[in-house]
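Report on the structure
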Amino acid sequence: MQAFQPEQAKFLLTAIYLPTLGNEHGVTRSVIEAIPADKSDFRPDGISKSALDLASHIVTAEFRFLDGVAAGAFDFTPHPLPESVRTPADLAAWYAENFAPRLARLRQLTGEQLGQIIDFRGRYQMPAVMYLGRMLHHTVHHRGQLSAYLRPMGAKIPAIYGESYDSAAAKQTA
């Protein structure tokens, strides 16, 4: 893929990706917060990740993408969660605390930095800003999986792209 002009890359960041990242972050956090703490080890099948492991994967992958775009290169060194993150509520709080500074770092990037071609594991070579779209697709994919775990765990499904049955019912009772 060829590089963007700097102004095109900056436009994509400011007009498309930053607003979308902010919206999706809130939705993802609400799905993580819906995981019952006493059921965070739930998995629909033996080969599936547990609910907490899947939620952790979503968060750590987002941070890896955001950090890679900001740095102009991806670091695939394992970055385990802090020991303080043991429950879905802990993960949601850690996610919220560490997301905004990463967006602030993206805002500081120049159009040249955003348009720079960077490599992802030898599989993709794209302008840095385009990895934000990959990140969003990755998050939406796994968040969909995680939201499908919630009902069998006895949890309520939050609104994702419009009301869910549970959010509509809560609205009616309020």
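The structure contained in this document is the topic of the report that follows.

Definitions and cut-offs
Residues numbered from 1 in each chain as written. Predicted model: local features only at pLDDT ≥ 70, side-chain atom pairs only at ≥ 80, totals over all residues. Heavy atoms only, no water. Salt bridge = Lys/Arg side-chain N within 4 Å of Asp/Glu carboxyl O. Helix = DSSP H or I, 4+ residues; strand = E, 2+ residues; numbered from the N terminus. Buried < 20%, exposed > 50% of the residue type's maximum accessible area, 1.4 Å probe, protein only. Phe/Tyr/Trp six-rings, centres within 6.5 Å; stacked < 30°, edge-to-face > 60°. Core = buried A, V, L, I, M, F, W, Y, C linked by side-chain atoms within 4.5 Å. Axes fitted to C-alpha atoms, helices over the stretch in contact; angles between N-to-C directions. Parallel < 35°, antiparallel > 145°, perpendicular 65-115°, else oblique. Contact = heavy atoms within 4.5 Å. Nonpolar A, V, L, I, M, F, W, Y, C, P; charged D, E, K, R; others polar.

Across all of its chains, the model carries five salt bridges by this definition. Residue Asp67 pairs with Arg102 through a salt bridge whose shortest N-O separation is 2.8 Å. With Asp67 in helix 2 (residues 51-71) and Arg102 in helix 3 (residues 88-107), this pair connects stretches of sequence that are 35 residues apart. According to the relative accessible area criterion, Asp67 is partly exposed, its value standing at 26%. The shortest N-O distance in the salt bridge between Arg151 and Asp166 comes to 3.0 Å. Placement of the pair is Arg151 in the loop between helix 5 (131-150) and helix 6 (165-173) and Asp166 in helix 6, with a sequence separation of 15 residues. With relative accessibility at 10%, the residue Asp166 sits in the buried group.

Moving on: the packing of aromatic side chains. All chains considered together, the criterion is met by 12 aromatic pairs. For the ring pair Phe42 and Tyr149, a centre distance of 5.8 Å and an interplane angle of 75 degrees mean the geometry is edge-to-face. Of this pair, Phe42 sits in the loop between helix 1 (6-33) and helix 2 while Tyr149 sits in helix 5, and the two are 107 residues apart along the sequence. In this structure Phe42 comes out as partly exposed when scored by relative accessible area, which is 22%. Overall, Tyr149 belongs to the buried group, its relative accessible area being 8%. Ring centres 5.3 Å apart and planes at 80 degrees place the aromatic pair Phe76 and Phe120 in the edge-to-face group. With Phe76 in the loop between helix 2 and helix 3 and Phe120 in strand 1 (residues 117-120), the pair connects residues that are 44 residues apart, well separated along the chain. With relative accessibility at 27%, the residue Phe76 sits in the partly exposed group.

Within the largest apolar cluster, 47 residues are counted, with the highest numbers of intra-cluster contacts made by Leu21, Leu66, Leu106, Leu132 and Leu146. Of all elements in the fold, only helix 1, helix 2, helix 3, strand 1 and helix 5 reach the threshold of two or more residues within this core. Residue contributions to this core peak at 11 residues, all from helix 2.

Following both chains from N to C, one finds helix 1 and helix 3 inclined at 175 degrees, their axes separated by 10 Å at the closest point. What the angle tells us is that helix 1 and helix 3 run roughly antiparallel. Judged by residue contacts, Lys10, Leu13, Leu18, Leu21, His25, Thr28, Arg29, Ile32 and Glu33 of helix 1 engage Pro88, Leu91, Ala92, Tyr95, Ala96, Phe99, Leu103, Leu106 and Arg107 from helix 3. Class assignment of the residues belonging to the contact of helix 1 with helix 3 gives a composition of 12 nonpolar, two polar and four charged.

The next subject is the environment of Gly26. Summarising the element assignment, Gly26 is placed in helix 1. According to the relative accessible area criterion, Gly26 is partly exposed, its value standing at 32%. Here the alpha-carbon distance between Gly26 and Arg105, two residues 79 residues apart in the chain, equals 19 Å.

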